[in-house]
Amino acid sequence: MFFRNIILFALPEIHRLDLETLEDVLSAHALKPVGSLAMQSRGFVPPLGNGAYVQRAGHSFWLSLGGEDRILPAAVVQREWQAKIAKLEDSKGVPLGKRARSQLKQETLDELMPRAFIKPSHTHAVIDPKAGIIAIDTSSLKAAEALVSKLREAFGSFPTLPLQTAQSPRAMLTRFLLGEALPENWFLGEECELTDPAEKGAVVKCLRSDLASEEVLAHLHAGKQVTRLAILADTQLACVIGDDLVLRKFKLLEGAVNGLENTNTESVEDELMARFALFGAELARFYAIFAKAFSVSAKAA
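A. Layout of the overall build of the protein. On a plain count of helices and strands, the protein comes out with 8 helices and 13 strands. Taken over C-alpha atoms, the radius of gyration comes to 24 Å for the protein, far larger than the 19 Å a tight globule of 301 residues would show. Its C-alpha atoms give the protein principal-axis dimensions of roughly 80 × 55 × 40 Å. The 301 residues of the protein split such that 42% are buried. Taken as two groups, the 34 positive and 37 negative side-chain charges of the protein have centres that lie 9 Å from each other.

B. Region of interest: the nonpolar core. Ile241, Phe250, Phe286 and Phe290 are the most contacted members of the largest nonpolar core, which has 49 residues in total. The biggest single contributor to this core is helix 8 (residues 268-293), with 10 residues. Ignoring any residue separated from it by four or fewer positions in sequence, one finds Phe290 in contact with Leu8, Trp186, Ile241, Leu245, Leu247 and Val296. Listed in part, the 25 residues of the second largest apolar core include Leu63, Ile127, Ile134 and Val148.

C. The pairing of strand 11 (residues 237-242), seen in detail. Burial runs high along strand 11: 6 of the 6 residues are buried. Of the two faces of strand 11, both are covered, the one formed by Leu237, Cys239 and Ile241 as well as the one formed by Ala238, Val240 and Gly242. Across 6 bridges, the pairing between strand 10 (residues 225-233) and strand 11 is antiparallel. Following the sheet pairing, Leu232 is matched in strand 11 by Ala238. From the end of strand 10 to the start of strand 11, which pair antiparallel, there are 3 residues, and Asp234 there has a positive phi angle of about 55°.

D. Local environment of the pattern of salt bridges. Evaluation of the coordinates by the stated rule reveals 12 salt bridges. Two residues, Glu80 and Arg79, come together in a salt bridge whose shortest N-O distance is 3.8 Å. The partner of Arg275 in a salt bridge is Glu271, and the shortest N-O contact between them spans 3.2 Å. A residue pair is termed a helical-turn pair when its members lie 3 or 4 positions apart in one helix, as Arg275 and Glu271 do in helix 8 at 4 residues. Overall, the relative accessible area of 35% leaves Glu271 in the partly exposed class. Salt bridges linked by common partners bring Asp234, Glu282 and Arg285 together as one network.

E. Examining the pairing of strand 6 (residues 133-136) more closely. Covered by surrounding structure in strand 6 are Ile133 and Ala135 together with Ile134 and Ile136, the residues of both alternating faces. Strand direction decides the pairing type here: strand 1 (residues 7-10) and strand 6, joined by 4 bridges, are antiparallel. Its bridge partner lying in strand 6, Phe9 is registered against Ile134. Examined bridge by bridge, strand 5 (residues 117-128) and strand 6 share 4 bridges and lie antiparallel to one another. By the bridge assignment for strand 6, Val126 is matched with Ala135. Between strand 5 and strand 6, which follow one another and run antiparallel, lie 4 residues, and Gly132 among them has a positive phi close to 75°.

F. How the structure looks around helix 3 (residues 98-112). Helix length check: helix 3, at 15 residues, gives a terminal C-alpha distance of 21 Å against a target of 21 Å (1.5 Å per residue), a fit within 8%. If you follow the buried residues of helix 3, they end up packed against helix 2 (74-92).

G. The environment of Arg115, seen in detail. Structurally, Arg115 is set in the loop between helix 3 and strand 5. For Arg115, a relative accessible area of 63% gives the class exposed. Along the backbone, Arg115 and Ile71 are 44 residues apart, and their C-alpha atoms lie at a distance of 9.6 Å.

Thresholds, definitions, all that
Residues numbered from 1 in each chain as written. Predicted model: local features only at pLDDT ≥ 70, side-chain atom pairs only at ≥ 80, totals over all residues. Heavy atoms only, no water. Helix = DSSP H or I, 4+ residues; strand = E, 2+ residues; numbered from the N terminus. Rg over C-alpha atoms; globule rule 2.2 N^0.38 Å. Buried < 20%, exposed > 50% of the residue type's maximum accessible area, 1.4 Å probe, protein only. Lys, Arg positive; Asp, Glu negative; His and termini not counted. Charge placed at Lys NZ, Arg CZ, Asp CG, Glu CD. Core = buried A, V, L, I, M, F, W, Y, C linked by side-chain atoms within 4.5 Å. Contact = heavy atoms within 4.5 Å. Pairing = 2+ DSSP bridges. Salt bridge = Lys/Arg side-chain N within 4 Å of Asp/Glu carboxyl O. Expected span 1.5 Å × (residues − 1).

Right, dumping it as structure tokens:
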């Protein structure tokens, strides 16, 4: 629908953030083409592909970190490097020393990089100042931290903190699957991951399964713990909550998207903005319940 996977960070004291400031800061740190001798470049790009660097719907801001990475396979570098070594050793009649080999490898890289393919990338994020969170469209902590790091660089200071729960998320998910009451209008989905807490313990993945079945519960009674659990929230959305608090397979359901059919969208941009507005509203509603259910708070760095 919009974001597929979500990593959340808390943004303490971010409620004063305004559109104009955000636009000015991000546009001043826009993506620049990767240099001829650089492997990558990172910077902000317009989330709609052109125009403003920030889009707003309600109290949510949508931004995007763009990237350019040179694709230079190690096997190609190795082949060219070894060919140069062989040619020099043949002409000189003596083996090259370690320092000469190292210098020749750098020269090889410098020659190949301008000819390497460039792969573009985008990582989207939504900032909700009212909820005090930033939601990043990825399941990779490395990618999420790269976006947060770029925001810190752009603002000079951008207090972004990981979430923590009063109790172990794994313990909470396990109790939910064992029958502890879920938040109102939340229901179990048909997917879970069960892990033996012992080092290198067994992992059981259940897909399209009745999670209340004796077969699933037998794994819990044998000592396994829930590390991922599918949840349906009302008829609005579904996701898989992990013990790392990452929301995977995040999807708005018919109950949420039916209203889009009556939305007057005359362009692709209008449709994307309508989807963004719906996503921002549903995410805020879900997060309020999620944070209460897991006693979520910000953790000091």
